[in-house]
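Here is what each chain is made of, one letter per residue.
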Amino acid sequence: DIFAVHLVFKHVLNPLQKTGMGSPFSIVTALVDQIDFTGILRPDCDIRMSGHVTWVGTSSAESTLCLEQLIDGKWVKFTEALFVLVARDPLNRGAAFINPLELVTEEEKELFKIGEMNKKRRYQISQDSLFKVPPTQDEQDIIHDFFINTVDHKAMSFKARIKPHNSVWFEDAKLKNLIICQPENRNRFNKIFEGFIMRQAFELAWANTFVFGKSRPFCMHMDDIWFRAPVEVGAMLYFNSQICYTQDNYIQTRVSAEVVNPKTGEMSITNVFHFTFMTKDKEPPAIIPKTYHEAMMYLTGRRHFKSSTE
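For clarity, every value in this text was computed on a predicted model and none was experimentally measured.

### A look at the packing of aromatic side chains
Counting across every chain of the model gives nine aromatic pairs. Centroid distance Phe202 to Phe277: 6.1 Å. Interplanar angle 35 degrees. Geometry classified as tilted. One end of the pair, Phe202, is in helix H4 (residues 194–213); the other, Phe277, is in strand S10 (residues 267–279), with 75 residues separating them in the sequence. The class of Phe202 is partly exposed, set by a relative accessible area of 26%. The class of Phe277 is buried, set by a relative accessible area of 0%. Centre to centre, the rings of Phe273 and Phe275 are 6.2 Å apart; their planes meet at 10 degrees, and the pair counts as stacked. The same class applies to Phe273 and to Phe275, which are both buried. Among the aromatic residues, those joined into a ring-pair cluster are Phe146, Tyr245, Tyr250, Tyr298 and Phe305. When the ring centre of Phe218 is taken as reference, the NZ or CZ atom of Lys280 above it lies at 4.4 Å.

Have a look at this one:
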């Protein structure tokens, strides 16, 4: 996250900024679009981090990062990440304009084209959100199948439910945590560093997935990590991890982060995380939603999993 911000600072051209002066802009992470893990990190090999700005809009930019390890004399890529960052004016009152990319080579033009496609994809996903539109017909059929396979047909009651073999109810696949945000985890703007929040969310998701699947999970993909609001120093940050979807040896886990007001008990969401894990020893049990809002979480997790495997 720090390196992605650094790349945008390197890109911004300010003719009034002298050598050695700090940038007047505030560059903040808006979204971690996706992080793919294509290999296993070895503890005995050197790591090289590289990246570049691949797309620039009016006040936002996309940074692409790669992590490589020196194995047997060759650099092998094992992680690729895509960050979307936004520029704010010096007083943090609104968006700041940043200079566009100058495309010279064919490779740069192709990377910029991919960035444009990523922007359109993110917009389409936001328009297709289940918070805005109903599920598709196929998804509605999945929800009804859950009802048919779990309802007690003998009782002829909508409330009587029977859990299928080798399955877990949605409500039994949660893990929660609360932390008090300390000053040592703040960034240069005196807000809690986004990378710290990502780490806390990942560790909770990993632990929940381990408990659910009864087998050590390996993170294969992270996507659509949404930073909705900054977190203040001293805030009580509540994490809620939920297993949303399973298929074969894969488990899709969602984590939400919310700031708790201890005086009123109100919660305001600040971050949402989506992780795709894989277990190698055995297949995890199926996850079964009971209520409609749990079914919506299941379908959202299913969409993220399908997107991660494309």
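### Some remarks on the layout of surface pockets
When its volume is computed, the largest pocket comes out at roughly 1,600 Å³. Along the walls of the largest pocket sit 43 residues, with Ile125, Ser129, Asp224, Thr300 and His304 positioned nearest its centre. Going through the elements one at a time, strand S1 (26–37), strand S4 (74–88), helix H2 (106–127), strand S7 (217–227), strand S8 (236–247), strand S9 (250–260), S10 and helix H5 (292–308) are the ones with two or more residues in the lining of the largest pocket. If you tally residues by element for the lining of the largest pocket, the top one is H5, at nine residues. Across the lining of the largest pocket, the residue classes break down as 15 nonpolar, 14 polar and 14 charged. If you trace the second largest pocket, you find 30 residues lining it, with Phe37, Leu67, Thr79, Phe202 and Met222 closest to the centre.

### Re the sheet that holds S8
Read across the open sheet, the nine strands follow the order S2-S3-S4-S1-S7-S10-S9-S8-S6; overall the sheet is antiparallel. Of all strands in the sheet, those bounded by a partner on one side alone are strand S2 (47–56) and strand S6 (174–180). Recorded for the sheet is a direction-independent mean angle of 25 degrees between the axes of neighbouring strands. Alignment of S8 against S9, held across eleven bridges, turns out to be antiparallel. From the neighbouring strand, Ser241 faces S9, where its bridge partner is Val255. Most of the contacts of helix H1 (residues 2–11) go to S2, to which it runs at about 50 degrees, and overall it touches S1, S2, strand S3 (60–71) and S4. Packing against the sheet, H2 makes contact with S1, S2, S3 and S4, and its axis sits at approximately 75 degrees to S2.

### A closer look at the pairing of S1
Strand direction decides the pairing type here: S1 and S4, joined by ten bridges, are antiparallel. Among the inter-strand pairings, Ile35 is bridged to a residue of S4, identified as Ala81.

### Looking at the pattern of salt bridges
Overall, the coordinates contain eleven salt bridges when judged by the stated rule. Here Asp44 and Arg42 are joined by a salt bridge, their closest N and O atoms 3.2 Å apart. A cluster of three or more residues bridged by salt bridges with shared partners is formed by Asp33, Glu62, Arg121 and Arg122.

Basis of the calculations
- Residues numbered from 1 in each chain as written.
- Predicted model: local features only at pLDDT ≥ 70, side-chain atom pairs only at ≥ 80, totals over all residues.
- Heavy atoms only, no water.
- Phe/Tyr/Trp six-rings, centres within 6.5 Å; stacked < 30°, edge-to-face > 60°.
- Helix = DSSP H or I, 4+ residues; strand = E, 2+ residues; numbered from the N terminus.
- Buried < 20%, exposed > 50% of the residue type's maximum accessible area, 1.4 Å probe, protein only.
- Lys NZ or Arg CZ within 6 Å of the ring centre and 35° of its normal.
- 1 Å grid on protein atoms, 1.4 Å probe; cavity = no way out; pocket = protein on both sides within 12 Å on 5 of 7 lines; lining within 4 Å.
- Points joined across faces, edges and corners; volume = space filled by probe spheres on them.
- Nonpolar A, V, L, I, M, F, W, Y, C, P; charged D, E, K, R; others polar.
- Pairing = 2+ DSSP bridges.
- Axes fitted to C-alpha atoms, helices over the stretch in contact; angles between N-to-C directions.
- Contact = heavy atoms within 4.5 Å.
- Salt bridge = Lys/Arg side-chain N within 4 Å of Asp/Glu carboxyl O.

Keep in mind these values describe shape, not function.
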